[in-house]
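Read off the chains here:
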Amino acid sequence: MSTSPAPSDTGPAAARTSFYRLHVGHGRGGEPKTFARHEYRDLIITAHQQLNAPLVWCWDNLNVHLAKEVIAFAEEHVDWLRIFQMPSYAPELNPSEGVWSLLKHAIANFVATDLSGLVRIVKSKLKKIQFRADLIDGCLAGTGLTIQP
């Protein structure tokens, strides 16, 4: 299972939130282990539409993030989308690593009997994190990055 958390800011006066989409893998041969390029694009578009604001997206060096189609998409939407490419092997600079840490801590004492149970638990915990601006700010602060108008 993988998530793509996306810390977002709608401006200094508005509350920050986090958007996510789950990708559930079943361990079947030939099944993708991560999101496809179009799924990342769709998540970005959804976040932009819901926020009605410019976005700054922090990405690691996953091969899908470096695809020509993704780069072309970002260049087409430079008026509202900025993608910040994180350095290789620098998880301490990635705000989504803080979200992962919060999620792992939140589900540490839960037992899932099957994959659908695990998905329900993860969705529930991500939903609780999603609208806690203080938690999201903490994830950002841990990187040394700041949001400035």
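Rules and cut-offs
Residues numbered from 1 in each chain as written. Predicted model: local features only at pLDDT ≥ 70, side-chain atom pairs only at ≥ 80, totals over all residues. Heavy atoms only, no water. Salt bridge = Lys/Arg side-chain N within 4 Å of Asp/Glu carboxyl O. Helix = DSSP H or I, 4+ residues; strand = E, 2+ residues; numbered from the N terminus. Buried < 20%, exposed > 50% of the residue type's maximum accessible area, 1.4 Å probe, protein only. Phe/Tyr/Trp six-rings, centres within 6.5 Å; stacked < 30°, edge-to-face > 60°.

### Things to note about the pattern of salt bridges
Point 1. Scanning the model with the defined rule gives three salt bridges in all.
Point 2. Note that Glu69 and Arg37 form a salt bridge whose closest N and O atoms lie 3.2 Å from each other. Of this pair, Glu69 sits in helix 2 (residues 68–76) while Arg37 is found in helix 1 (residues 37–51), placing the two residues 32 residues apart along the sequence.
Point 3. For Glu69, a relative accessible area of 44% corresponds to the partly exposed category.
Point 4. For Arg37, a relative accessible area of 40% corresponds to the partly exposed category.
Point 5. Across the salt bridge formed by Arg132 and Asp134, the nearest N and O atoms sit 2.8 Å from each other.
Point 6. Its relative accessible area of 46% is what places Asp134 among the partly exposed residues.

### Description of the packing of aromatic side chains
Point 1. Scanning the entire structure with this criterion turns up three aromatic pairs.
Point 2. On the basis of an interplanar angle of 75 degrees and a centroid distance of 5.6 Å, the ring pair of Tyr40 and Trp59 is categorised as edge-to-face. One end of the pair, Tyr40, is in helix 1; the other, Trp59, is in strand 5 (residues 55–59), with 19 residues separating them in the sequence.
Point 3. Classification of Trp59 as buried rests on a relative accessible area of 4%.
Point 4. With a centroid separation of 6.4 Å and an interplanar angle of 80 degrees, the aromatic rings of Phe73 and Trp80 are classed as edge-to-face.
Point 5. In this structure Trp80 comes out as buried when scored by relative accessible area, which is 11%.
Point 6. Among the aromatic residues, those joined into a cluster by ring pairs are Phe35, Tyr40 and Trp59.

Take it as geometry only, folks, not as evidence of what the structure does.
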